[in-house]
Amino acid sequence: GVFIITDISAGRYPFSCETSDAEGRPYALLEIVDVETGEVTDLGWITIMLTGRVLGTTTLADQINHTGIKVSLSPLTLETTTDASGAFLLDHVPAADYEIRFEHDGYQTTVIDIHVGSQQTTFASPVALPPE
């Protein structure tokens, strides 16, 4: 299809599209788009691919219960929290490169880079958050 989005301020924006096929499999696309003042930004043809997922573990360095560590994927707004063991899952992630941010009150925020492939489970390196 063709679409037009108007009245966008100049800047850099994440652009995403999502859909699913007849079997319910999720497809998505994520691109970073630069918008210039007074210019038309043509994305050309875009391809929406099957999504992937990110699975991993993050812990609080001095604790045994790791519940509630915030795990977010940038530049998307996908986020989740960990269970008591520190495990997390981010599902339906468009294939692309991301930063994963790990945050918890009283602990240093940690950020790692990750590549998510189409139809793949990507395992994030284990992260231990040190106290502030």
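Before reading on, note that the structure itself is shown above.
Residues numbered from 1 in each chain as written. Predicted model: local features only at pLDDT ≥ 70, side-chain atom pairs only at ≥ 80, totals over all residues. Heavy atoms only, no water.

Novice: Can you walk me through the overall build of the protein in this structure?
Specialist: The number of helices and strands found in the protein is zero helices and 11 strands. Starting at the N terminus, the α and β elements of the protein follow one another as β-β-β-β-β-β-β-β-β-β-β. For the protein, the spread of C-alpha atoms along the principal axes amounts to about 50 × 40 × 20 Å. Considering the protein as a whole, with its 132 residues, one finds that 31% of them fall into the buried category. When contacts within the protein are restricted to residue pairs at least 6 apart in sequence, those whose partners lie at least 24 apart make up 48%. Surface summary for the protein: the accessible area is close to 8,400 Å², and the carbon and sulfur share equals 50%. (Helix = DSSP H or I, 4+ residues; strand = E, 2+ residues; numbered from the N terminus. Buried < 20%, exposed > 50% of the residue type's maximum accessible area, 1.4 Å probe, protein only. Contact = heavy atoms within 4.5 Å. Areas by Shrake-Rupley, 256 points an atom, 1.4 Å probe, with all protein chains shown as cover.)

Novice: Explanation requested: unusual backbone geometry in the structure shown.
Specialist: As a rule of thumb, non-glycine residues mostly have phi less than zero, and peptide bonds are mostly trans rather than cis. Omega for the peptide link from Ser-74 to Pro-75 comes to 20°, which places this bond in the cis form. With respect to the helices and strands, the residue Pro-75 is situated in the loop between strand S5 (70-74) and strand S6 (78-81). Backbone geometry at Asp-7 places phi at a positive 60°, although glycine is not the residue there. If you trace the backbone, Asp-7 turns up in the segment before strand S1 (11-20). You can call Asp-7 exposed: its relative accessible area is 79%.

Novice: What is the right way to read the pattern of salt bridges from this model?
Specialist: Oppositely charged side chains can form a pair if their charged atoms are brought close together. Applying the stated criterion across every chain, the model contains six salt bridges. Its salt-bridge partner being Arg-25, residue Asp-21 comes within 2.7 Å of it at the nearest N-O pair. With a closest N to O distance of 3.6 Å, Lys-70 and Glu-79 form a salt bridge. Residue Lys-70 is classed as partly exposed on the basis of its relative accessible area, which comes to 32%. Residues participating in the shared-partner salt-bridge network are Asp-21, Glu-23 and Arg-25. (Salt bridge = Lys/Arg side-chain N within 4 Å of Asp/Glu carboxyl O.)

Novice: Please clarify how the pairing of S6 should be interpreted in this entry.
Specialist: With four bridges connecting them, S5 and S6 associate as antiparallel partners. Residue pairing for S6: Leu-73 is matched across the bridge by Leu-78. In textbook terms, the turn of a hairpin is the stretch between consecutive antiparallel strands, and for S5 and S6 this stretch comprises three residues. (Pairing = 2+ DSSP bridges.)

Novice: Explain the sheet that holds strand S3 (residues 49-50) here, please?
Specialist: Either a parallel or an antiparallel arrangement is found when strands of a sheet pair, and the pairing is made through backbone hydrogen bonds. Judged by pairing direction, the sheet is antiparallel, and its three strands sit side by side in the order S1-S2-S3 without closing on themselves. Of all strands in the sheet, those with a lone pairing partner are S1 and S3, marking the two edges. Here S1 runs beside strand S2 (residues 26-35); their pairing, made up of 10 bridges, is antiparallel. The partner of Ser-20 across the bridge, within S2, is Pro-26.

Novice: In this structure, what is going on with the side chain of Asp-21? I would like to understand it.
Specialist: Structurally, Asp-21 is set in the loop between S1 and S2. A polar atom in the side chain of Asp-21 sits 3.0 Å from the backbone nitrogen of Glu-23. Polar contacts involving the side chain of Asp-21 include one to the side chain of Arg-25, which spans 2.7 Å. (Polar contact = N/O pair within 3.5 Å; in protein donor to acceptor, adjacent residues only side chain to side chain.)

Novice: Explanation requested: the pairing of S5 in the structure shown.
Specialist: Along any regular strand, the residues point their side chains to alternate faces of the sheet. Bridge count between S5 and strand S8 (residues 96-103): five bridges; the pairing is antiparallel. Its bridge partner being in S8, Lys-70 is matched across the sheet by Glu-103.

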